[in-house]
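What the coordinates show
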Amino acid sequence: MNALLEVENATMRFGGLVALNDISFSVGRGEVLAVIGPNGAGKSTLFNVVTGVYRPTSGRVRFDGSDITGHPAHDVVARGVGRTFQTSRLFSDLSVLDNVIIGMHTRTGTGVLGALFLPGASRREMAACVEKAEALLKAGSGDLFEQRYRLAGTLAQADRRRLEIARALASEPKLLLLDEPSVGMDEIETDALIADIARLKRERADLSVILIEHDMRVVEAFPHQVICIDYGSKIAEGDFAAVKADPRVQEAYLGKAAVHA
Ligand SMILES: Nc1ncnc2c1ncn2[C@@H]1O[C@H](COP(=O)(O)OP(=O)(O)OP(=O)(O)O)[C@@H](O)[C@H]1O
């Protein structure tokens, strides 16, 4: 298989706590993987290991043919891994447009010295960034483009999530990691999110996505494969129907007593 991401035997310990225990999986180009599991199972830790926030205690992360284990987060982004976070990391006091432009920083060239010594080139690059950011906002759903000069902190919750996805896409990722994108959304907003991701996948068939989700409607909507983590260990993998029916998964979510009642 032509895997884009391969996680091999990743273990992450925090002192005596094993947050990830010998986890292996791979994601192919254009594939969508959902990661499910109860609170505290290790899902966000897994994202942090993939994106270089943490170096795993043992195990390897390979991306697009290179070993990126423990590479700094900025290098991982530059290689093509974009990410949204469970809690908003937007710059609330900056405009919607500026937030997207910031997401492009790994793809821009001139930097601070360039701005000082090559102001013409820097201005041209900035104009290109604005154009690209506007195109990203237009391509997304809803009316984010119309709200592009608004402060990000004043957006409605669902629009913030959209903006976070647009900002992650601005780094031109090959792999997009979405950490509980539906958190805090009502049913209508969640349906809109499902439609957004489905559209994104239609438009960018080669984009791989890993989705951490608690809302089973989102999990059911697209993934090619689902893995379930409990206490740091992978306890099930397969398509949604198979994982949902797995007694270990039901036990992890509902508790032993409920499953065997
Ligand atoms: N930096 C850290 N230091 C110590 N313990 C940590 C650290 N990060 C995570 N943990 C612990 O690792 C375990 C897994 O946490 P993690 O946030 O990955 O779970 P999760 O599956 O994402 O949970 P949730 O669904 O609630 O977000 C938890 O017990 C958590 O307290």
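Each remark here, short or long, concerns the structure printed above.
This write-up is about the structure you can find in this document.

What counts and how
Residues numbered from 1 in each chain as written. Predicted model: local features only at pLDDT ≥ 70, side-chain atom pairs only at ≥ 80, totals over all residues. Heavy atoms only, no water. Pairing = 2+ DSSP bridges. Helix = DSSP H or I, 4+ residues; strand = E, 2+ residues; numbered from the N terminus. Contact = heavy atoms within 4.5 Å. Axes fitted to C-alpha atoms, helices over the stretch in contact; angles between N-to-C directions. Salt bridge = Lys/Arg side-chain N within 4 Å of Asp/Glu carboxyl O. Buried < 20%, exposed > 50% of the residue type's maximum accessible area, 1.4 Å probe, protein only. Near = heavy atom within 4 Å. Polar contact = N/O pair within 3.5 Å; in protein donor to acceptor, adjacent residues only side chain to side chain. Areas by Shrake-Rupley, 256 points an atom, 1.4 Å probe, with all protein chains shown as cover.

Bringing the sheet that holds strand 4 (residues 58-63) into the picture now. Taking strand neighbours across the sheet as the criterion, the four strands line up as 2-1-4-5 in an open arrangement whose pairing is antiparallel. Two strands lie at the open edges of the sheet, namely strand 2 (17-28) and strand 5 (66-67), each paired on one side alone. With five bridges connecting them, strand 1 (residues 3-14) and strand 4 associate as antiparallel partners. Within the sheet, the bridge partner assigned to Thr11 lies in strand 4 and is Ser58. Packed on one face of the sheet, helix 1 (residues 43-50) meets strand 1, strand 2 and strand 4 and runs near 65° to strand 2.

Turning to the pattern of salt bridges, a few remarks are in order. Where charged atoms of side chains with opposite charge meet at close range, the side chains can pair. Counted according to the given criterion, the structure contains 14 salt bridges. In this structure, Arg248 and Asp246 form a salt bridge, with 2.9 Å as the shortest nitrogen-oxygen distance. Residue Arg248 is classed as partly exposed on the basis of its relative accessible area, which comes to 49%. Overall, the relative accessible area of 12% leaves Asp246 in the buried class. One continuous salt-bridge network, built from bridges that share partners, spans Glu8, Arg60, Arg62 and Asp67.

What follows covers unusual backbone geometry. Non-glycine residue Asp22 carries a positive phi angle of around 55°. By secondary structure assignment, the location of Asp22 is in strand 2.

Taken together, 15 residues are adjacent to the ligand, and Gly40, Gly42, Lys43, Ser44 and Thr45 come closest. In the model, an oxygen atom of the ligand is placed 3.0 Å from a nitrogen or oxygen of the Ala41 main chain. Here the ligand loses 63% of its free accessible area of 640 Å² to cover by the protein chains. At the level of elements, strand 2 and helix 1 are the ones that each hand at least two residues to the shell around the ligand. Element by element, the count of residues in the shell around the ligand is highest for helix 1, at three residues.

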